[in-house]
Amino acid sequence: MLNPRQIEAFRTVIVTGGVTAASRALHITQPAVTRLIHDLQYALGLRLFERRGTRLVPTNEALSLYREVERQFVGLERIESAAKNLREGRSGRLRIAALPTFNVGFLQRIVGVFLKEKPEIELSIYGGISSQVVEWVASGFCDIGFAQGPLDFPNIDVEWLPLVQSVAVIPAGHRLAAKAVLGPRDFVDEPFVSLEQSTQTRYRIDAIFATAGVTRLTRVETPLSMIACSLVAAGAGLSIVDPFTAAEYDGRGIVVRPFAPALKYDIGVVWATGRLRSALALDLADKVRTAIAELARDADAGFAGPPPLGLPAS
């Protein structure tokens, strides 16, 4: 019966050109290599090598056999290479779920760099409200999710990303564009574009204005920050939105300013409880964490357009 070690010794002797080199490559003694070759010849009933002086020269039968052996080894090496790439996160498939504010452009820029670094991978990106993101991840439909807190759901684990602040958005040319920071009283007598009550941010905005004793002139409501920014650009009023969406619309008919008191926008990385986290998903989570940390630092220094990603240049 053939022994895989015999086949390996046979292949190595032909590839390296002799028993001495093969013993070094296989980390065994020369007599051990010779014995493996002898046993293989006996098992096959073929003469594989002829001795010419101090060298072993493969026979025609050996060369024919080697071509078959090499095909098998190439297949095994491809399997090993594919497994290594999967293990190290250089290939594979990743399904991502993210809330709409991430899907306006912020996540896509990160994914663009990600794909250039890992050209062998396949990605799918799905967008939905936070509860939908949680459902997709918990069910196993998606490997990783990004959702807004609070995230008190069963069957998921949450890793919180660096906190960022919501910002005020005003039409370009508006008198308030001269101010460095806006507060609740700046919105007195100004038409307001509000997020719907189905959003977490809406409740937090309402609480801040109620504490300040300011009543807004709400003219229109929408569930999406991107629609709010478009309405502001069209002159429908002022709004307060997440910094990710604001960064995409800054300079496109709107001006972005910090809002005080701070209105934190908390995003968590959502994982399915008990499910193995792939190297690809962990790498993406790290890149998103780095990008958000830079966005937070940029906001602390005063908003100045779309934040840098902090990722390697392509």
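Check the entry above for the structure.
As the structure is a prediction and not an experimental result, all values here were calculated from the model. (Residues numbered from 1 in each chain as written. Predicted model: local features only at pLDDT ≥ 70, side-chain atom pairs only at ≥ 80, totals over all residues. Heavy atoms only, no water.)

Before going further, it helps to examine the nonpolar core. Judged by nonpolar contacts, the single largest core of 29 residues is most densely connected at F102, I144, F146, F244, L284 and V288. Looking at this core, the element that brings in the most residues is helix 10 (residues 279–300), giving nine residues. With residues up to four places along the chain from it excluded, the contact list for L284 reads L94, I96, I110, F114, I144 and F146. Ranked by size, the runner-up nonpolar core spans 18 residues in total, among them I14, L26, I37 and L56. (Core = buried A, V, L, I, M, F, W, Y, C linked by side-chain atoms within 4.5 Å. Buried < 20%, exposed > 50% of the residue type's maximum accessible area, 1.4 Å probe, protein only. Helix = DSSP H or I, 4+ residues; strand = E, 2+ residues; numbered from the N terminus. Contact = heavy atoms within 4.5 Å.)

Within this structure, the stated rule accounts for 19 salt bridges. One salt bridge connects E50 with R52, and the closest N-O pair in it is separated by 3.7 Å. Taking relative accessible area as the criterion, R52 reaches 53% and is therefore assigned exposed. We note a salt bridge from R289 to E159, for which the minimum N-O separation is 3.3 Å. Of the two residues, R289 sits in helix 10 while E159 sits in strand 6 (residues 156–160), which places them 130 residues apart along the sequence. The class of R289 is partly exposed, set by a relative accessible area of 26%. Sharing partners across several salt bridges, the network here consists of D157, E159, R277, D286 and R289. (Salt bridge = Lys/Arg side-chain N within 4 Å of Asp/Glu carboxyl O.)

A separate point is a nonpolar patch on the surface. A contiguous nonpolar patch, built from L2, L44 and L46 and spanning about 230 Å² of accessible area, is present on the exposed surface. Its location among the elements puts L46 in the loop between helix 3 (30–44) and strand 1 (49–52). (Patch = residues over 30% accessible without salt bridge, like charges linked within 9 Å, V, L, I, M, F, W, Y side chains within 5 Å. Areas by Shrake-Rupley, 256 points an atom, 1.4 Å probe, with all protein chains shown as cover.)

This next bit is on the layout of surface pockets. The volume enclosed by the largest pocket comes to roughly 450 Å³. Along the wall of the largest pocket there are 20 residues; nearest its centre are I129, S130, Q148, S198 and T199. Contributing elements (two or more residues each) for the lining of the largest pocket: helix 6 (130–138) and helix 7 (200–212). The biggest single contributor to the lining of the largest pocket is helix 7, with three residues. Of the residues belonging to the lining of the largest pocket, the class tally is 10 nonpolar, nine polar and one charged. (1 Å grid on protein atoms, 1.4 Å probe; cavity = no way out; pocket = protein on both sides within 12 Å on 5 of 7 lines; lining within 4 Å. Points joined across faces, edges and corners; volume = space filled by probe spheres on them. Nonpolar A, V, L, I, M, F, W, Y, C, P; charged D, E, K, R; others polar.)

With that settled, the discussion passes to unusual backbone geometry. Put simply, G149 and P150 share a cis peptide bond, and its omega is 0 degrees. With respect to the secondary-structure elements, P150 resides in the loop between strand 5 (144–148) and strand 6. In this chain, A260 is followed by P261 through a cis amide linkage whose omega measures 10 degrees. The phi torsion at D189 lies on the positive side, around 65 degrees, for a residue other than glycine.

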